[in-house]
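# Observations on the model geometry
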Amino acid sequence: MQNITLREKSIDSGGGCRGPELTLNGTPVAARQNANPDYSTLTEIKFTAQLPVPTTNRKHRTCKIKCVNGEWVGPLCQEVENYEDGRFHPVLRNCRLDLNGTQLLIIYENTTHSAWHGWLPDRSRILLRCEGHPGLYKFLGHSNLQCIDGDWDYEIPRCVPTTSITEYQENSPPTILVRLPNGSSAVDLSNNQVVIYPNSIVHLECLFKRSDGDPEWSWSSGQQHRLTGKYLSIDPSASVSNN
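Rules behind the numbers
- Counting restarts for each chain: residues are numbered from 1 in the order of the written sequence.
- Totals for whole chains, interfaces and linings use all residues, but because this is a predicted model, local features are given only for residues with pLDDT of at least 70 and pairs of side-chain atoms are given and counted only at 80 or more.
- Hydrogen atoms and water are omitted, and side-chain values are computed over all heavy atoms in the structure.
- The criterion for strand pairing is that DSSP finds at least two bridges linking the strands in question.
- Helical segments are the DSSP runs of H or I of at least four residues, strand segments are the runs of E of at least two, and each set is numbered from the N terminus.
- In the sections that follow, a salt bridge refers to a side-chain nitrogen of Lys or Arg positioned within 4 Å of a carboxyl oxygen of Asp or Glu.
- In this scheme, a residue with accessible area under 20% of its type's maximum is buried, one over 50% is exposed, and one in between is partly exposed, where area comes from a 1.4 Å probe on protein chains only.

Naming follows an unreviewed UniProt entry, where the protein chain appears as Sushi domain-containing protein of Parthenolecanium corni.

### Re the sheet that holds strand β12 (residues 125-130)
Here we have five strands laid out as an open sheet, ordered β10-β9-β12-β14-β15, and antiparallel in their pairing. Unpaired on one side and paired on the other, β10 (111-113) and β15 (151-152) mark the two borders of the sheet. Both strand β14 (residues 144-148) and β15 contribute to a ladder of two bridges, which runs antiparallel. Along β15, the bridge assignment pairs C147 with W152.

### Quick look at the pattern of salt bridges
Using the criterion set out here, one finds four salt bridges in the structure. Note that K64 and E44 form a salt bridge whose closest N and O atoms lie 3.2 Å from each other. Of this pair, K64 sits in strand β5 (residues 61-68) while E44 sits in strand β4 (residues 42-49), and the two are 20 residues apart along the sequence. When sorted by exposure, K64 lands in the same class as E44, which is buried. The partner of R93 in a salt bridge is D149, and the shortest N-O contact between them spans 3.3 Å. On the criterion of sequence distance, the pair formed by R93 in the loop between β7 (89-90) and β8 (95-99) and D149 in the loop between β14 and β15 is long-range, its members being 56 residues apart.

Here you go:
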């Protein structure tokens, strides 16, 4: 902590608060000799804390504790550069995230991580997707999570391996392969979706053991009809196949 400032009380609070304890990285810090103020005459203590702001790149915040009815309350911290114009908010609890070997990729502050063990600040947002190309794993859950006072707003999602990974074990979801005989595509990492560019021909291939039944395609848009079947059509206008 640094840049500590003190503000005198303007009203009588009945004796004020006792001197607060000061620690740095968990180690108690003693005040300089002859530097101890009379805390019974103080109402607030402001200081600069090394505390990340989730919505910005700033790593320091102006904070304060207040003397209320003889007890220190806080810390309360600001989220703007100029603390004279900003409001102070309670510092809520961080969220714990432990992911390793789950086939989940974590996207935090525009950086992708294959594993994470640690804490994230309150109100942090993370994106999660399955590793590999879309269609190799079935994604179950919400891809956009936010930390709210120590808890994630949704459960951590999971990735279920599909048939090409499980060697067609029973009850495994089918692998979906995206083929482009003509055109181009890209992967939208934020939504774990394949984006197909205009004038492209797309084949979606469903890898499923026929002895386990016949899978069926479903479409989010009811306005368009797509050709499906057990074999690729020789008609170049057919954009979907089901193998």
